[in-house]
Amino acid sequence: MAEDMQAKLEKYRTAPFDARFPNQNQTKNCWSNYMDFHRCQKALDAKGVDNAPCEWYKRVYKSLCPMSWVQKWDDQREEGTFPGKI
Amino acid sequence: HALMIVFLISTLVLYIIVAMVSTKLTNKYILDSQEIEIIWTVLPAIILILIALPSLRILYLMDEINNPLLTIKAVGHQWYWSYEYTDYEDLGFDAYMIPTQNLVPGQFRLLEADHRMVIPVESPIRVLVSADDVLHSWAVPALGIKMDAVPGRLNQTAFIASRPGVFY
């Protein structure tokens, strides 16, 4: 399974079509992947397991989210003012 | 309050409709060839609905983007665009319009930019348009695209440039 993940990540070109967000408004897509990455990271770190599987979500949110949004959200998480539940 | 008024008015209207319809009196001056009048009102309505439903479905299907090769973010600012290519690493740059007095002969007024958005030819590209401050709109008429840039929202559009060149 880890090898599949590696293979998938190596073949990564850009965020693929996500059927949960088929229409024009991709805001939720970006938000969802950002949240998924950080929750995945938190969950796997809590278990003490390697968090390589979370890397997919990171690639997707990096592709989709404007850098300024990512920066802002990272700063908010540092300060503890991030509006989402991680 | 508003809902009360809505209920009041709709009750009134419904009552009037029922009163008009369920009367025994007949106004013979406005009644003539009822059957065909009904047919040629209802039939076109049905035909139009039969056209509209698949049309709306296709409209939304057209929006579904299949397998882009590259994602570019175009973020609008006052008054320049910034482009981000972040599929592999964090690459971003600003593109300002070249002011008219700095144009070189052969360049297009109000269309040229100092850094152009570069795309691979014959590849499906996804562009995510957003804005930093106020509403903007990102358009390339030669590629048939226009998409509003709304702060806090990510609007997706896709295209394929089938020929190499500069598109405005």
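Structural data are supplied above this passage.
My aim in this report is to walk through the structure given alongside it, one point at a time. (Residues numbered from 1 in each chain as written. Chains lettered and ligands numbered in written order. Predicted model: local features only at pLDDT ≥ 70, side-chain atom pairs only at ≥ 80, totals over all residues. Heavy atoms only, no water.)

With that settled, the discussion passes to the nonpolar core. Core analysis: the largest hydrophobic core is formed by 22 residues, its most contacted members being Cys30 and Trp73 of chain A. Setting aside anything within four residues of it in sequence, one finds Trp73 of chain A in contact with Cys30, Trp31, Tyr34, Cys65 and Phe82 of chain A. Counting 19 residues, the second largest nonpolar core, distinct from the first, contains Leu70, Ala74, Ala95 and Ile145 of chain B. (Core = buried A, V, L, I, M, F, W, Y, C linked by side-chain atoms within 4.5 Å. Buried < 20%, exposed > 50% of the residue type's maximum accessible area, 1.4 Å probe, protein only. Contact = heavy atoms within 4.5 Å.)

This next bit is on the state of the cysteines. Residue and element names in this part refer to chain A. For the coordinates displayed, the defined rule picks out two disulfides over all chains. Here Cys30 engages in a disulfide with Cys65; their sulfurs sit 2.1 Å apart. Across the S-S bond of Cys30 and Cys65 the torsion is about 120°, and the bridge reads as right-handed. Of this pair, Cys30 sits in helix α2 (residues 27-47) while Cys65 is found in the loop between α3 (55-64) and α4 (67-79), placing the two residues 35 residues apart along the sequence. Classification of Cys30 by relative accessible area gives buried; the value is 0%. The disulfide partner of Cys40 is Cys54, and the gap between their sulfur atoms is 1.9 Å. Disulfide Cys40 to Cys54: torsion about the S-S bond roughly -80°, handedness left-handed. Highlighted residues: Cys40 in helix α2 and Cys54 in the loop between α2 and α3, separated in sequence by 14 residues. You'll find Cys40 and Cys54 in the same group, each marked buried. (Disulfide = S-S within 2.5 Å. Helix = DSSP H or I, 4+ residues; strand = E, 2+ residues; numbered from the N terminus.)

This paragraph deals with the interface of chain B and chain A. In this complex, chain B contributes 27 residues to the contact, which on the side of chain A involves 22 residues. Between chain B and chain A, the buried area comes to about 2,200 Å², and carbon and sulfur atoms account for 48% of it. Its largest share of buried area at the contact with chain A, chain B owes to Asp87, Tyr88 and Leu154 of chain B, together 24% of the area lost on that side. The tally of links between chain B and chain A comes to one salt bridge. In this structure, the salt-bridge partner of Asp90 of chain B is Lys62 of chain A, at a minimum N-O distance of 3.8 Å. In this assembly, chain B and chain A are joined by 14 residue pairs in polar contact (both at pLDDT 80 or more). With four residues, strand β1 (residues 70-77) of chain B is the largest single contributor of residues to the side of chain B that touches chain A. (Buried area = accessible area lost by both parts, 1.4 Å probe. Salt bridge = Lys/Arg side-chain N within 4 Å of Asp/Glu carboxyl O. Polar contact = N/O pair within 3.5 Å; in protein donor to acceptor, adjacent residues only side chain to side chain.)

In short, shape yes, function no, at least from these values alone.
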